[in-house]
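Spelled out from the first residue to the last, the chains are:
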Amino acid sequence: MIRSMTAFASAERATAWGTLSAEMRAVNHRYLEFSLRAPDDLRGLEPVIRERVAGKVQRGKVEMSLRLKSAASDSSRELVLNAELLERLAQVAAQQAGRFPNLQVNFTELLAWPGVVEQDTPDPAGLQAETLALIDTTIGEFCAAREREGAKLAAVLREKLDGIETACAQVRQWLPEIRAGLRTRLETRFAELAPTLEPGRLEQEFVLWLQKLDVDEELDRLATHIAEARRVLGLREAVGRRLDFLMQEFNREANTLGSKSVDARTSQIAVELKVLIEQMREQVQNLE
């Protein structure tokens, strides 16, 4: 399945500790580059997450962010006080009252003392299991989005390949007429020099010109590249690099076809081929 390198996916999962959410996005990149933003409680999962992403994604600059929204708001959360710690603080305050008669302690300041207010902390194993389940869901949706976009890009590429094939067929159709016209021009020119030419020289020169201007080999190679590109578009693996190499080969043959042209029509076709190939190359840059 052809996949685009650009995609976005998000997912949420309700847990006993609140709502977990994940976002995953990617843009074009030559290789796979992964970065993760996550709460401190989940940073330890980065190697596992990185491995799971690498198992599904081969190219692209991928960014993932994780968030955990507490199930209860700060205003409705029940406060759990450490009675034992409060008692020890009260004893110390009573013992030191004589030394600091004017000392006053605000209750809210007392609550800010480390350990006075106890908070339920998530079970690490349970939270990690929930996070990995969410990660798998997000990666699945991310890959599906890539495949949908890749299918659209593949359709565009096949359309361009059809255009290249049509242009090559047009050149093949014109070749007999172009060769006949070339022979006529050569005969006219050589007729002026006939008295000074050796017997058979016209035929020799004509053959040499045909060899220099023969584009059958370029057309055959273009046909081979078209067939290979269509085959690659049907593969169920990352094909971006293969197609990028093929675009170089396409461009090489189009350049040679243009340099050998002796007819305005084939020169125009060479330009059209280069336009089609460049349009394909731009789309191929988006493929994984």
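About the criteria used
Residues numbered from 1 in each chain as written. Predicted model: local features only at pLDDT ≥ 70, side-chain atom pairs only at ≥ 80, totals over all residues. Heavy atoms only, no water. Phe/Tyr/Trp six-rings, centres within 6.5 Å; stacked < 30°, edge-to-face > 60°. Lys NZ or Arg CZ within 6 Å of the ring centre and 35° of its normal. Axes fitted to C-alpha atoms, helices over the stretch in contact; angles between N-to-C directions. Helix = DSSP H or I, 4+ residues; strand = E, 2+ residues; numbered from the N terminus. Parallel < 35°, antiparallel > 145°, perpendicular 65-115°, else oblique. Left-handed = near helix turned anticlockwise from the far one by under 90°. Contact = heavy atoms within 4.5 Å. Nonpolar A, V, L, I, M, F, W, Y, C, P; charged D, E, K, R; others polar. Pairing = 2+ DSSP bridges. Core = buried A, V, L, I, M, F, W, Y, C linked by side-chain atoms within 4.5 Å. Buried < 20%, exposed > 50% of the residue type's maximum accessible area, 1.4 Å probe, protein only. Right-handed = clockwise from strand over helix to strand, strands pointing away. pLDDT = per-residue confidence, 0-100. Expected span 1.5 Å × (residues − 1). Arc of directions from axis to C-beta. Polar contact = N/O pair within 3.5 Å; in protein donor to acceptor, adjacent residues only side chain to side chain.

Time to look at the packing of aromatic side chains. Tallied over the entire structure, the rule returns zero aromatic pairs. Between Arg265 and the ring centre of Trp174, over which it is positioned, the NZ or CZ distance is 5.1 Å.

It is the contact of helix H6 (residues 216–233) with helix H7 (residues 240–259), at a shortest axis distance of 10 Å, that shows an interaxial angle of 160°. In this view, H6 runs roughly antiparallel relative to H7, as classed from their interaxial angle. In this structure, H6 meets H7 at a crossing whose hand is left-handed. Two secondary-structure elements touch here, H6 through Glu218, Leu219, Arg221, Leu222, His225, Ile226, Glu228, Ala229, Arg231, Val232 and Leu233 and H7 through Arg242, Leu243, Leu246, Glu249, Phe250, Glu253, Thr256 and Leu257. Of the residues contributing to the contact of H6 with H7, the split by class is ten nonpolar, two polar and seven charged.

With that out of the way, let us pick up the sheet that holds strand E4 (residues 60–70). Within a beta sheet, neighbouring strands are joined by backbone hydrogen bonds and run either parallel or antiparallel to one another. Pairing is mixed in the open sheet, where four strands are placed in the order E1-E2-E4-E3. Every interior strand has two partners, whereas the edge strands, strand E1 (7–15) and strand E3 (32–37), have only one. Here the strands of the sheet are splayed against their neighbours by 15° on average, with no regard to which way each runs. With six bridges connecting them, E3 and E4 associate as parallel partners. Residue pairing for E4: Leu36 is matched across the bridge by Met64. Helix-sheet contacts for helix H1 (residues 46–56) involve strand E2 (18–27), E3 and E4, and the interaxial angle to E3 is about 140°.

The next point concerns the nonpolar core. Formed by 34 residues in total, the largest nonpolar core has its most connected members in Ile164, Leu243, Phe250 and Leu273. Top contributing element to this core by residue count: helix H4 (residues 124–192), with eleven residues. Excluding anything up to four places from it in sequence, Leu243 contacts Leu157, Ala229, Val232, Leu233, Val284 and Leu287. In this structure, Leu45, Val57, Ile135 and Ala145 belong to the second largest nonpolar core, which totals 26 residues.

Quick look at the pairing of E4 now. Summarising the sheet, E2 and E4 pair through ten bridges and their orientation is antiparallel. Across the sheet, the residue bridging to Glu23 is Ser65, located in E4. In this region the chain leaves E3, passes through H1 and returns to the parallel neighbour E4; the handedness of that crossover is left-handed.

Checked against the element boundaries, Ser21 lands in strand E2. Taking the relative accessible area as the measure of exposure, Ser21 reaches 19% and is therefore buried. Apart from residues lying up to four places away in sequence, Ser21 is in contact with Ala11, Glu12, Ser65, Leu66, Arg67 and Leu134.

Looking at the chain as a whole, the pLDDT averages 85, with 86% of positions reaching at least 70. When the elements of the chain are averaged for pLDDT, helix H5 (residues 201–213) gives the smallest value, 65, and E3 the largest, 95.

This paragraph deals with helix H8 (residues 264–284). Here H8 contains 21 residues, and its C-alpha end-to-end distance of 30 Å stays within 8% of the 30 Å for a straight helix at 1.5 Å per residue. Residues Thr266, Ile269, Ala270, Leu273, Leu276, Ile277, Met280 and Val284 constitute the buried set of H8. Along the long axis of H8, the arc covered by the buried residues comes to 130°, so they all point the same way. Two to three positions downstream of the cap, the backbone nitrogen of Arg265 sits 2.8 Å from a side-chain oxygen, assigning the N-cap of H8 to Asp263.

Close contact between H7 and H8 brings their axes to 9 Å; oriented N to C, the two are set at 165°. The angle between H7 and H8 places the two elements in the roughly antiparallel class. Crossing handedness for the pair H7 and H8: left-handed. Facing Gly240, Leu243, Asp244, Met247, Phe250, Asn251, Ala254, Asn255, Leu257 and Gly258 of H7, the residues of H8 in contact are Ala270, Leu273, Lys274, Ile277, Met280, Arg281 and Val284. Looking at side-chain class alone, the contact of H7 with H8 contains ten nonpolar, four polar and three charged residues.

In this section: H6. Between its first and last C-alpha atoms H6 spans 26 Å; for 18 residues at 1.5 Å apiece the expected length is 26 Å, and the two agree. Taken together, the buried positions of H6 are Glu218, Leu219, Leu222, His225, Ile226, Ala229, Val232 and Leu233. For H6, the buried positions fall inside an angular range of 140° around the axis, keeping them on one side.

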